[in-house]
Amino acid sequence: MLTVEAVVGPEGAVHLLEPVHIQASRRALVTILDEAPISDTHDTALLSEPALAEDWNRPEEDVAWSHLQQVQ
């Protein structure tokens, strides 16, 4: 079982707030909470930041981009 956050619009369309990778179609349950979503926009950049940080925060990345840093 997998739980992901989603927003359901007034027309009933379900928008997942993070990518989901499954092998085949699966049944799902949707629970409608009695509260507004935190944000009307999909904060993809914020949601993906932890995954991207794994790549960004490596010594190899610092070396690769060091030529763009200002000399102090």
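Residues numbered from 1 in each chain as written. Predicted model: local features only at pLDDT ≥ 70, side-chain atom pairs only at ≥ 80, totals over all residues. Heavy atoms only, no water.

Draft legend 1. Local environment of a nonpolar patch on the surface. Together, Leu2, Val8, Val14, Leu16, Val20, Ile22, Val30 and Ile32 give the surface a local cluster of nonpolar side chains, amounting to about 710 Å² of exposed area. Position of Leu2 among the secondary structure elements: in the segment before strand 1 (6–8). By relative accessible area, which is 61% here, Leu2 ends up exposed. (Patch = residues over 30% accessible without salt bridge, like charges linked within 9 Å, V, L, I, M, F, W, Y side chains within 5 Å. Areas by Shrake-Rupley, 256 points an atom, 1.4 Å probe, with all protein chains shown as cover. Salt bridge = Lys/Arg side-chain N within 4 Å of Asp/Glu carboxyl O. Helix = DSSP H or I, 4+ residues; strand = E, 2+ residues; numbered from the N terminus. Buried < 20%, exposed > 50% of the residue type's maximum accessible area, 1.4 Å probe, protein only.)

Draft legend 2. View of the confidence of the model for the protein. Across the protein, the average pLDDT comes to 82, with 83% of residues at or above 70. Within the protein, helix 1 (residues 44–56) has the poorest average pLDDT of any element, 75, and strand 2 (residues 14–16) the best, 91. (pLDDT = per-residue confidence, 0-100.)

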